[in-house]
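Residue-level structural notes
Below, each chain spelled out in residue letters.
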Amino acid sequence: MRIPPAVDVAGAPSPPAPAAPPRTRSEARAAFRDSASVGLGFVPLGAAFGVLVAHSGVDWWWASLSSALIYAGSFEFLLIGMVTAAVPLASVAVSALLVNVRHVFYALSFPLDRVKGPLGKAYSTFALCDEAYALTAGQQAHTWSGRRILWLQLFMQLYWAGGATAGALLGSLVPDGVKGLDFALTALFTVLALEAVRERREDLPTPVLALLSALAARLLLPGSLLLAAFGLFTAGLLVRRLTAGKDPSRA
Amino acid sequence: MPDTPYLVAAVLVAAAVTWALRALPFAVLGPLRASRTVRYLQSRMPAGIMVILVVYCLRDLPVTHTAVLAPLAALTVTVGVHLWRRNAPLSILAGTAVHVALASTVFAH
């Protein structure tokens, strides 16, 4: 599906006949379609998170609060174990910092410049999860307006918080012997990786470099795997860019 | 079981740290976005970052134990179904179902 280009060109006069509401509706509809693949992955994942909360003995509302206010899936899975062990809040803060510090890298390429207004920008940064980054940083998103990006982020958060709440409320119905629901997160990232690699299929060195960075980080710094891997990967890309720049045929 | 004020405080602390990490870098890195090197990174980072996140999810694979077969089979099914149908929800559900089935039965301990 393609939206007509040139509508969102800066400085262009707004179309006279259809006022804001119809356009908002069509952008919301487009965002709903965009969100379906990743967003529907969120419902089972959120439900898995809710079930784990229920099985850990924490009240159901905590799954809703966590998914609505933190909205960082992989860290929320970790946080269940931390709060049931009642670790100090300082440890919670440091862990949140280490697990989520990867989001620093998203500021380099997330299209926040297209999102208008301080409230919109505030929500867009708040809801900047891995999957929102993956969808909006890809090539298919180059024509999306700021409003469409905001709708997309809102739908994705609703899927996550809704799934988590449902899972926590119904979690007691799931037998304790059912294990391994958390694989939904691995499967989601696997699907996103396949799609992202496919989008740049002529560029095999990038995923190979990322894989080597991740394996090196796993061996050398297992305690801060994500930070070390993202750092190695970014450094590797920069080295590649510099060495390619010296070759005049590839400039 | 931890009390309610502690549970709420843990969420608020984690939410504040997470939002700060997502929002503050835009102010710091904003001026860099126009550079050609940053655009080079932009075009390549999505694919690499997703690969790293997959490895992160699999970081505790019990490589010397037969239980490793549950995540490996689930990963194979996820990739296979996705290459076959290219339907993200279907791939995720199929892989997760295989993992739950194996981890809850054959490899339960």
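Quick look at the structure, then. (Residues numbered from 1 in each chain as written. Chains lettered and ligands numbered in written order. Predicted model: local features only at pLDDT ≥ 70, side-chain atom pairs only at ≥ 80, totals over all residues. Heavy atoms only, no water.)

1. Digging into the overall build of chain B
Counting its regular elements, chain B contains 4 helices and 0 strands. Since a compact globule built from 109 residues should have a radius of gyration of about 13 Å, the 20 Å found for chain B marks it as more spread out than a globular shape. Going through the 109 residues of chain B one by one, you find that 48% of them count as buried. Sequence separation of 24 or more characterises 39% of the internal contacts of chain B that already satisfy a separation of 6 or more. Surface summary for chain B: the accessible area is close to 5,400 Å², and the carbon and sulfur share equals 70%. (Helix = DSSP H or I, 4+ residues; strand = E, 2+ residues; numbered from the N terminus. Rg over C-alpha atoms; globule rule 2.2 N^0.38 Å. Buried < 20%, exposed > 50% of the residue type's maximum accessible area, 1.4 Å probe, protein only. Contact = heavy atoms within 4.5 Å. Areas by Shrake-Rupley, 256 points an atom, 1.4 Å probe, with all protein chains shown as cover.)

2. Points about the nonpolar core
Of all hydrophobic cores here, the largest spans 96 residues; its most connected members are Phe42(A), Trp62(A) and Ile49(B). It is helix α2 (residues 36-57) of chain B that contributes the most residues to this core, 13 residues altogether. Look past the residues within four positions of Ile49(B) in its chain and what remains in contact with it is Phe105(A), Tyr106(A), Tyr133(A), Phe230(A) and Phe233(A). (Core = buried A, V, L, I, M, F, W, Y, C linked by side-chain atoms within 4.5 Å.)

3. Section: helix α2 (residues 61-69) of chain A
Along α2(A), the residues that are buried comprise Trp62(A), Ala63(A), Ser64(A), Ser66(A) and Ser67(A). Phi for Tyr71(A), located one or two positions after α2(A), is positive at around 55 degrees.

4. With respect to the environment of Pro205(A)
Here Pro205(A) lies in helix α10 (residues 205-220). When the C-alpha atoms of Pro205(A) and Phe105(A) are compared, they prove to be 20 Å apart, with 100 residues separating the residues in sequence.

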